[in-house]
Amino acid sequence: MKVIDKIRKAEEEGRFFYSFEYFPPKTPQGVQNLYDRMERMQRFGPEFIDVTWGAGGTSADLTTELVATAQSVYGLETMMHLTCTNMPVEKIDNALKAAKECGCQNILALRGDPPKGQLNWESCENGFSHASDLVRYIREKYGDYFSIAVAGYPEGHIDSPDQESDMKYLKDKVDAGADLIVTQLFFDADVFIDFVKRCRDIGIKCPILPGVFPIQNYNGLKRVISFSNNHVPQRVWDELEPIKDDDAAVKEYGINLTVEFIRKFREAGINGFHIYTFNLERSSRLILERLQLVPDTESIKPLPWNPSLTAKRAKENVRPIFWKNRAKSYIQRTESWDEFPNGRWGDSRSPAFGELDGYGVSLKYPQQECLEMWGHPKSADDIAAIFAKYCKGTIAGIPWSAQQLDPETEVIRQRLAAINLLGYLTINSQPAVNGAKSSHEVYGWGPKNGYVYQKAYIEFFVSPQKLDELIAKISKNPQVTFHAVNRQGDLKTNTQSDQPTAVTWGVFPGKEIVQPTIVESTAFMAWKDEAFELWNEWAQIYDRESETAKVILDVMNSYYLINIVMNDYVDENGIWKLFNLEIDGDLSAKLMGSQ
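Residues numbered from 1 in each chain as written. Predicted model: local features only at pLDDT ≥ 70, side-chain atom pairs only at ≥ 80, totals over all residues. Heavy atoms only, no water.

The chain appears in an unreviewed UniProt entry as Methylenetetrahydrofolate reductase-domain-containing protein from Syncephalastrum racemosum. Under the UniProt heading Sequence similarities (unreviewed entry), the entry covering the chain gives this text: "Belongs to the methylenetetrahydrofolate reductase family." Per UniProt, the chain has the following entry under Cofactor (unreviewed entry): "FAD". (UniProt positions renumbered as here; feature names shortened; annotations may be inferred.)

Right under this line is the structure:
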């Protein structure tokens, strides 16, 4: 959807709206952390996010990847920056084509800063000299497909001879086809309010979003204002002086100052703002909370997972639970599908899941960080201890889950750690939920005044010997169903058909029962390829002849992957009885040692 249409809708409804800006990180782990942060910040309800563009397209591939992932995996309406710096028309064309192909309908068109090491800005051969030229070109090439934003400078651009000339350049950009203006940061709310008035006086009628930057620390503020020679009122310097060496106090001051600015904007009739997050989360969250702007569950979580904004996935409302911790992988696996399940998983399951080589499998962490987290296990017990540490929260991730456990897992965290130490290597789980309100802060999703349910579910790797013992116990409880498969594809199951089993569902006023998360054999067999390949990826960070690599590969080649569903969702403890989970003194000591 175009951002300008979302803004107009918000304006018509008379509600506040806001957006976040991110930049491409420099390291693979930084990228993974940003994805995790985007996912969390999606719950704050931004109208859109934007992603910056390096001079001359130096971050072009990563910017495009961030935009595509934000749209398809995290359900965030995204705006892609595009600059003129070192960008001939061919590169511009490639960037616009990539944006359209990934479903992005929003561009922030900028002239850009001089390349690193160059004092003055110069256009490149067959490139554009001004942002207005870029706006005009996009409109000529793509018509009304893109919503185009441009930058505004409340204090005037550093290269403009005076503010009158700067306003003329801004109007040129709007007249060329820009839909909205996003301002560069400033530190005086009155300067912005005066800027809006001057824009309106010369005939600029489009929405103008103030770009606000919550001060993070004293030296950071000095560095930021040096880029564009921003004015900071003396009263801000005076208030910062006694706390300048206390980063926590400065950050708190920055939050309160931003809240003050936004309240002043609203008094002046300005209902939207844009937060320069600098890829940080806490300040943005606290600002929105203090302004009471964080939306309710219904607005931001219509399903337990984030619905994709890709056009052909618009009606997708059911997914296999196996990819819960690797949503990006699932999206890429199914990107060639023509249609998606509608809640009953009918004929839509017929398209084949994509091949493994189509996108690759990765650990999501750089090698050195993997080694720091997982060390050099020498036995299956050592591997079990690593999984237990993850469940206890003492390491950041495992190959099957690069982020910390979901809040809903808190109630079963200790049990997960315990069964890992018993040799059941867990990679996915959810607790039983019997009628939590849809507004519940942990389990809630979907429309207001509803109730949500879920069956206890657990997925793990297990040795053949332990699997046989487990199947014998399962056979005594008709409420338990399972699928187990080894790397070679030998499937064991007690299910009587290929029909899916709903493991999450919701009951809402005026709606059919919604069943968004399922266990299904075709999807499980597709997932097992990726799940086992991640063992191989883990082994590759060690010398192939090392004892560590050999033990990891032995697990890969001999263990089974199993998922278990306790269909009696009223019984919160039934699934754990399968593991004889009696934590004696010895096991308690092991748990303490794994922390």
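Draft legend 1. Up close: the domain arrangement of the chain. Splitting the chain by domain gives domain 1 (3-291) and domain 2 (316-593). Relative placement of domain 1 and domain 2: their C-alpha centres are 39 Å apart. If you look at the interface, domain 1 gives nine residues, while domain 2 gives nine residues. Considering only the surface of domain 1 that becomes buried against domain 2, Q29, Q32 and V73 emerge as the three largest contributors, covering 57% of it. Here K328 ties to E65 by a salt bridge, and the two come within 3.0 Å at their closest N and O atoms. In this assembly, domain 1 and domain 2 are joined by one residue pair in polar contact (both at pLDDT 80 or more). Elements supplying a minimum of two residues to the side of domain 1 that touches domain 2: α2 (28-42) and α3 (60-72). The element that contributes the greatest number of residues to the side of domain 1 that touches domain 2 is α2, accounting for five residues. Along the lines of polarity and charge, the residues of the side of domain 1 that touches domain 2 split into three nonpolar, four polar and two charged. (Domains from an automatic or database assignment. Contact = heavy atoms within 4.5 Å. Buried area = accessible area lost by both parts, 1.4 Å probe. Salt bridge = Lys/Arg side-chain N within 4 Å of Asp/Glu carboxyl O. Polar contact = N/O pair within 3.5 Å; in protein donor to acceptor, adjacent residues only side chain to side chain. Helix = DSSP H or I, 4+ residues; strand = E, 2+ residues; numbered from the N terminus. Nonpolar A, V, L, I, M, F, W, Y, C, P; charged D, E, K, R; others polar.)

Draft legend 2. Quick look at the nonpolar core. Grouped together as the largest cluster of nonpolar side chains are 102 residues, with contacts concentrated most on M38, L82, F187, F265 and F273. Setting aside chain neighbours within four positions, we find F187 in contact with F213, I215, L221, V224, I225, N230, H231, V232, P233 and F261. The next biggest cluster of nonpolar side chains, apart from the first, holds 52 residues, and it includes W323, F353, L405 and I427. (Core = buried A, V, L, I, M, F, W, Y, C linked by side-chain atoms within 4.5 Å. Buried < 20%, exposed > 50% of the residue type's maximum accessible area, 1.4 Å probe, protein only.)

Draft legend 3. Representation of the pairing of strand β19 (residues 560-566). Taking burial as the measure, the seven residues of β19 include seven buried ones, the bulk of the element. The alternating pattern of β19 places Y560, I562, I564 and M566 on one face and L561, N563 and V565 on the opposite face, and all of these are buried.

Draft legend 4. Geometry of the sheet that holds β19. With respect to topology, five strands assemble into an open sheet ordered β11-β14-β19-β15-β16, the strand pairing being antiparallel. If you trace the sheet from one side to the other, it starts and ends with β11 (425-430) and β16 (491-493), each paired once. Across the sheet, the mean angle from the axis of one strand to that of its neighbour is 10 degrees, orientation sign disregarded. One ladder, built from seven bridges, connects strand β14 (residues 456-462) with β19; its direction is antiparallel. Across the sheet, residue Y457 finds its bridge partner in β19, namely V565. Helix-sheet contacts for helix α16 (residues 413-421) involve β11 and β14, and the interaxial angle to β11 is about 155 degrees. (Pairing = 2+ DSSP bridges. Axes fitted to C-alpha atoms, helices over the stretch in contact; angles between N-to-C directions.)

Draft legend 5. How the structure looks around the sheet that holds strand β5 (residues 147-152). With parallel pairing, nine strands are arranged side by side in an open sheet as β7-β6-β5-β4-β3-β2-β1-β9-β8. In this open sheet, the two edge strands, each paired with only one partner strand, are β7 (208-209) and β8 (211-212). Bridge analysis of strand β4 (residues 106-110) against β5 gives four bridges, and the strand direction is parallel. Residue pairing for β5: L108 is matched across the bridge by A149. Helix α1 (residues 3-13) rests against β1 (17-22), β2 (48-51), β3 (78-83), β4, β5, β6 (180-183) and β7 of the sheet, and its axis sits at about 150 degrees to β1.

Draft legend 6. A look at a nonpolar patch on the surface. A surface patch of nonpolar side chains, amounting to about 250 Å² of accessible area, comprises F23, F278 and L280. In this structure, L280 sits in the loop between β9 (272-276) and α11 (282-290). The partly exposed category is assigned to L280, whose relative accessible area is 34%. (Patch = residues over 30% accessible without salt bridge, like charges linked within 9 Å, V, L, I, M, F, W, Y side chains within 5 Å. Areas by Shrake-Rupley, 256 points an atom, 1.4 Å probe, with all protein chains shown as cover.)

Draft legend 7. View of the packing of aromatic side chains. With the rule as written, the count across this model stands at 36 aromatic pairs. Seen from their ring centres, F186 and F265 are 6.1 Å apart, and the 65 degrees between their planes marks the pair as edge-to-face. Of this pair, F186 sits in the loop between β6 and α7 (189-201) while F265 sits in helix α10 (residues 247-267); the two residues are 79 residues apart in sequence, bridging distant segments of the chain. Since its relative accessible area comes to 2%, F186 is described here as buried. Exposure remark for F265: the relative accessible area of 1% places this residue in the buried category. Across from the ring centre of Y145, 4.8 Å away, lies the NZ or CZ of K100, which sits over that ring. (Phe/Tyr/Trp six-rings, centres within 6.5 Å; stacked < 30°, edge-to-face > 60°. Lys NZ or Arg CZ within 6 Å of the ring centre and 35° of its normal.)

Draft legend 8. Examining unusual backbone geometry more closely. For N279, which is not glycine, the phi torsion reads 65 degrees and is therefore positive. Structurally, N279 can be placed in the loop between β9 and α11. Of note in this structure, Q292 is not a glycine but carries a positive phi near 55 degrees. For Q292, the location among the structural elements is in the loop between α11 and α12 (297-300). With relative accessibility at 73%, the residue Q292 sits in the exposed group.

Draft legend 9. Up close: helix α4 (residues 89-101). With 13 residues, α4 extends 18 Å between its outermost C-alpha atoms, agreeing within 8% with the 18 Å of an ideal straight helix rising 1.5 Å per residue. Buried within α4 we find V89, I92, A95, L96 and A99. The arc that holds the buried residues of α4, viewed along the axis, is 125 degrees, so those residues lie on one side. Within α4, the exposed residues directed more than 90 degrees away from the buried face are N94 and E101. (Expected span 1.5 Å × (residues − 1). Arc of directions from axis to C-beta.)

Draft legend 10. Main features of the packing of helix α15 (residues 380-392) against α16. Relative orientation of the contacting elements α15 and α16 amounts to 175 degrees, with a least axis distance of 8 Å. Here α15 lies roughly antiparallel to α16, going by the angle between them. The residues of α16 that touch α15, namely those facing A384, A385, F387, A388, Y390, C391 and K392, are R413, Q414, L416, A417, N420 and L421. The residue makeup of the contact of α15 with α16, split by class, is nine nonpolar, two polar and two charged. (Parallel < 35°, antiparallel > 145°, perpendicular 65-115°, else oblique.)

Draft legend 11. Seen up close, the confidence of the model for the chain. Overall, the prediction assigns the chain a mean pLDDT of 88, with 91% of residues at 70 or greater. Across residues 583-595 the pLDDT falls below 50, and counting only partners more than four positions away or on other chains, this stretch makes 17 contacts in the model. (pLDDT = per-residue confidence, 0-100.)

Draft legend 12. The arrangement of the pattern of salt bridges in detail. Counted by the stated rule, this structure contains 30 salt bridges. Of the charged contacts, one joins R37 and E281 as a salt bridge, the two residues approaching to 3.8 Å between their closest N and O atoms. With a gap of 244 residues between them, R37 in helix α2 and E281 in the loop between β9 and α11 connect regions that are remote in the sequence. Among the residues examined, R37 registers a relative accessible area of 24% and is labelled partly exposed. The buried category is assigned to E281, whose relative accessible area is 15%. For R235, the salt bridge is made with E239, and the minimal N-O distance between the two is 3.3 Å. You can see R235 and its partner E239 sitting in helix α9 (residues 234-240), four residues apart, about one turn around the helix. Residue R235 is classed as partly exposed on the basis of its relative accessible area, which comes to 35%.

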